[in-house]
Amino acid sequence: MKPHSAWGSLKNPVKFKIPTAENLVPIRLDIEIDGQRFRDAFTWNPNDPDSEVVVFAKRTVKDLKLPPAFVTQIAQSIQSQLTEFRSYEGQDMHTGERVVPIKLDLRVNHTVIKDHFFWDLNNFESDPEEFARTFCKDMGIENPEVGPAIAIAIREQLYEIAMQSVASARESRANKKGRRGMEHLSASKIGLPALDLVKLFGIKSSVIRKKRDWDVYEPIVDLLSNEEVDALEAREERHAR
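In this text, all values refer to a predicted model and were calculated from it rather than measured experimentally.

Calculation notes
Residues numbered from 1 in each chain as written. Predicted model: local features only at pLDDT ≥ 70, side-chain atom pairs only at ≥ 80, totals over all residues. Heavy atoms only, no water. Helix = DSSP H or I, 4+ residues; strand = E, 2+ residues; numbered from the N terminus. Contact = heavy atoms within 4.5 Å. Areas by Shrake-Rupley, 256 points an atom, 1.4 Å probe, with all protein chains shown as cover. Buried < 20%, exposed > 50% of the residue type's maximum accessible area, 1.4 Å probe, protein only. Axes fitted to C-alpha atoms, helices over the stretch in contact; angles between N-to-C directions. Parallel < 35°, antiparallel > 145°, perpendicular 65-115°, else oblique. Left-handed = near helix turned anticlockwise from the far one by under 90°. Pairing = 2+ DSSP bridges. Patch = residues over 30% accessible without salt bridge, like charges linked within 9 Å, V, L, I, M, F, W, Y side chains within 5 Å. Salt bridge = Lys/Arg side-chain N within 4 Å of Asp/Glu carboxyl O. Lys, Arg positive; Asp, Glu negative; His and termini not counted. Charge placed at Lys NZ, Arg CZ, Asp CG, Glu CD. Expected span 1.5 Å × (residues − 1). Arc of directions from axis to C-beta.

Student: Now, about the overall build of the chain: what can you tell me, with residues and values included?
Tutor: Secondary structure assignment for the chain yields 6 helices and 8 strands. For the chain, the α and β elements follow one another from N to C terminus as β-β-β-α-α-β-β-β-α-α-α-β-β-α. Restricting the contact set of the chain to residue pairs at least 6 apart, pairs at least 24 apart contribute 69%. Surface accessibility of the chain: about 14,000 Å² in total, with carbon and sulfur atoms responsible for 50%.

In structure tokens form, the structure reads like this:
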């Protein structure tokens, strides 16, 4: 049985879509007003009415007791990211590659996560949130904020790849004589026959890991002390300035 192929070839491009079951927009906020900083990351359904953006901003400011000036900044940041996402909707995208490397390198409060694995781009039933839940269960992570952070990191990278695929389609139209494809890792490059992808991935899973021939990284989860967290946050604040 051949793997479900939703990504278009050079001759048969498909319309822009993040390769997951739910076409959600990863939103990241980093806003500072009068010395007070607000950071958050979450997903947004692009089909929701834009009026929900202001409602969300007002509720967030109220719940976190932020200054009222944050309402406008939060709403504008979300809206601009949604506008960028929608600018790709309906556009052609294509890639001849089947799997791409995904890298996790993030800190959630005291928990540091580092991992590297391959993701099947042809599986449009994949679920980053389910992968994150399984990862946390397997690694014994109890912090409920870690799973969503992992899922967001995966979605951001898949979104970037989808945008690159749109650019690639544009380039191929502009230059019919040929183009250089994106330098993503293909199934052939890691020695994985295309016909084996479905057996390895299943329907909702899109992750290859712990295969002897190409496993380079093992998941790393570290718990930091209060002193280490304070030092990291101080360094991040210096870089932000």
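Having seen it, we continue.
Student: Outline unusual backbone geometry, supporting the account with residue identities and numerical values.
Tutor: Unusually for a residue other than glycine, Asp34 sits at a positive phi of about 50 degrees. By the secondary structure assignment, Asp34 is in the loop between β2 (25–33) and β3 (36–44). Phi at Lys65 is positive, roughly 55 degrees, even though this residue is not glycine. In this structure, Lys65 sits in the loop between α1 (51–64) and α2 (69–88). A relative accessible area of 71% means that Lys65 is categorised as exposed.

Student: How would you summarise the packing of helix α3 (residues 128–139) against helix α4 (residues 146–174) if you had to cite specific residues and measurements?
Tutor: The N-to-C vectors of α3 and α4 enclose an angle of 135 degrees; their axes lie 8 Å apart at closest approach. Regarding the angle of α3 to α4, the classification is oblique. Note on packing geometry: the crossing formed by α3 with α4 is right-handed. Between α3, through Pro128, Glu129, Phe131, Ala132, Phe135 and Cys136, and α4, the contact on the second element is made entirely by Val146, Gly147, Ile150, Ala151, Ile154 and Arg155.

Student: Hey, could you go over the pairing of β3 for me, with residue numbers and the actual values?
Tutor: The side chains of a regular strand alternate between the sheet's two faces. As paired strands, β2 and β3 are joined by 9 bridges and run antiparallel to one another. The residue of β3 that forms the bridge with Glu32 is Arg37. Counted along the chain from β2 to the antiparallel partner β3, the turn is 2 residues long, and its residue Asp34 has a positive phi close to 50 degrees.

Student: Report on a negative patch on the surface, specifying residues and quantitative values.
Tutor: Together, Asp222, Glu227, Glu228 and Asp230 make up a region of like negative charge exposed at the surface. If one sorts the elements of the negative patch by residue count, helix α6 (residues 226–240) sits on top with 3 residues. The exposed category is assigned to Glu227, whose relative accessible area is 59%.

Student: Describe the side chain of Gln81, naming the residues involved and giving the relevant values.
Tutor: Considering the arrangement of structural elements, one finds Gln81 in helix α2. Look at Gln81 and you get buried, because its relative accessible area is 18%. Ignoring anything within four residues of it in the chain, the contact list for Gln81 reads Val25, Pro26, Ile27, Arg28, Leu29 and Tyr159.

Student: Talk me through the pattern of salt bridges; I want residue IDs and the actual numbers.
Tutor: Under the counting rule described, the total for this entry stands at 7 salt bridges. Its salt-bridge partner being Asp30, residue Arg37 comes within 2.7 Å of it at the nearest N-O pair. Overall, Arg37 belongs to the partly exposed group, its relative accessible area being 24%. The exposure class assigned to Asp30 is partly exposed, which follows from its relative accessible area of 47%. Residue Glu129 is joined to Arg155 by a salt bridge in which the shortest nitrogen-to-oxygen separation is 2.9 Å. Taken as a pair, Glu129 in helix α3 and Arg155 in helix α4 lie far apart in primary sequence, 26 residues in all. Judged by its relative accessible area of 1%, Arg155 is buried.

Student: Explain α2 to me, using residue names and the numbers behind them.
Tutor: Each α-helix turn comprises 3.6 residues. Residues three or four places apart therefore point the same way. Taking 1.5 Å of rise per residue, 20 residues should cover 28 Å, and α2 covers 31 Å from first to last C-alpha, within 8% of that figure. Within the span of α2, buried status applies to Phe70, Val71, Ile74, Ala75, Ser77, Ile78, Gln81, Leu82, Phe85 and Tyr88. On an axial view of α2, the arc spanned by its buried residues comes to 165 degrees, and they lie on one face. Residues of α2 that are buried sit in contact with β2, β3, α1 and α4. Two residues or fewer past α2, Gly90 is found with a positive phi of approximately 85 degrees.

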